[in-house]
Amino acid sequence: MKYAAILAVIVTLGVFVNLVQESKMLSYLSSDPSACVNCHTMTTHYATWEHSSHRNRATCVDCHLPRDSFVNKMLAKTRDGYNHSLAMTFKTYGSNLRISSDAAKRIQNNCIACHQMTVSQMLTNSTLYEKEADNTVQMGRRCWECHRALPHGTMRNLSATQNNFSVKIY
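Residues numbered from 1 in each chain as written. Predicted model: local features only at pLDDT ≥ 70, side-chain atom pairs only at ≥ 80, totals over all residues. Heavy atoms only, no water.

Next up on the list: the pattern of salt bridges. As enumerated under the stated definition, the model contains 3 salt bridges in all. We note a salt bridge from aspartate 80 to arginine 106, for which the minimum N-O separation is 2.4 Å. Residue aspartate 80 is located in helix H4 (residues 70-90), and its partner arginine 106 is located in helix H5 (residues 101-114); the two are separated by 26 residues in the primary sequence. For the pair aspartate 80 and arginine 106, one class covers both residues: buried. Residues joined in a network through salt bridges with shared partners are Arg79, Asp80, Asp102 and Arg106. (Salt bridge = Lys/Arg side-chain N within 4 Å of Asp/Glu carboxyl O. Helix = DSSP H or I, 4+ residues; strand = E, 2+ residues; numbered from the N terminus. Buried < 20%, exposed > 50% of the residue type's maximum accessible area, 1.4 Å probe, protein only.)

Right, dumping it as structure tokens:
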């Protein structure tokens, strides 16, 4: 019985080590944008970012995760990773990925943080726009309401993206 228990522990550890290696789990602890391409559905987003003006200035983590503290960053990364793994495993994402309200808020805050000088007059000038300011959103409007092509291009379908065939990171 003792040897069977030892064998069971060794097999369990072996399966876990294989899972870590095959899933490239440790790459998700980095800030490297190529880690996002581990999931085939993120290839489109990586390809469009790679050909955007943001490539030389911001990585995926800079836009999609909180910047206020390491703990908040890791909590968001863990929560998003869990949700992504469920969506990828059970194929519930469809042909177009949708952003969560929490992620949208983070992206909005990060856009404003990087482009503070550019958007400083935006709320003041919001009366000039046809759409009323949204009091639930910092600056009154979501940045991508006007800037839909940044940084991921204009196509949103996972199978029809410009520059999609140039990404090969494995």
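The rest of the description comes next.
Before going further, it helps to examine the packing of aromatic side chains. The final tally for this structure, using the stated rule, is 1 aromatic pair. With a centroid separation of 5.5 Å and 50 degrees between ring planes, the pair formed by tyrosine 46 and tryptophan 49 is classed as tilted. Of this pair, tyrosine 46 and tryptophan 49 are both found in helix H2 (residues 43-50), 3 residues apart, which corresponds to roughly one turn of the helix. Accessibility assignment for this pair places tyrosine 46 and tryptophan 49 in one class, buried. (Phe/Tyr/Trp six-rings, centres within 6.5 Å; stacked < 30°, edge-to-face > 60°.)

Residue lysine 91 is not a glycine yet carries a positive backbone phi of 55 degrees. Tracing the backbone shows lysine 91 in the loop between H4 and H5. Taking the relative accessible area as the measure of exposure, lysine 91 reaches 61% and is therefore exposed.

This part covers the side chain of arginine 106. Classification of arginine 106 as buried rests on a relative accessible area of 7%. At 2.6 Å, the side chain of arginine 106 forms a polar contact with the side chain of aspartate 102. In this view, arginine 106 contacts Cys63, His64, Leu65, Pro66, Ala76, Arg79 and Asp80; residues no more than four positions away in its chain are not counted. (Polar contact = N/O pair within 3.5 Å; in protein donor to acceptor, adjacent residues only side chain to side chain. Contact = heavy atoms within 4.5 Å.)

Below, the discussion takes up the confidence of the model for the protein. It should be kept in mind that the predicted coordinates are not to be read in detail where pLDDT is low. On average, residues of the protein score 80 in pLDDT, and 78% of them reach the 70 mark or higher. Highest mean pLDDT in the protein belongs to helix H1 (residues 2-23) (94); lowest belongs to helix H6 (residues 116-119) (80). (pLDDT = per-residue confidence, 0-100.)

Time to look at the side chain of glutamine 108. Here glutamine 108 is to be found in helix H5. Exposure remark for glutamine 108: the relative accessible area of 3% places this residue in the buried category. Here the side chain of glutamine 108 touches cysteine 143 through a polar contact of 2.9 Å, landing on its backbone nitrogen.

Attention now goes to the state of the cysteines. Enumeration over the complete set of coordinates arrives at 0 disulfides. Free of any disulfide, cysteine 36 has its nearest neighbouring cysteine sulfur in cysteine 60, separated by 3.6 Å. Cysteine 146 takes part in no disulfide bond, and the closest cysteine sulfur, belonging to cysteine 143, lies 8.8 Å away. (Disulfide = S-S within 2.5 Å.)

This paragraph deals with H2. Extensive coverage of H2 is indicated by the burial of 7 of its 8 residues. Every buried residue belonging to H2 is among Thr43, Thr44, Tyr46, Ala47, Thr48, Trp49 and Glu50, and all of these are buried.

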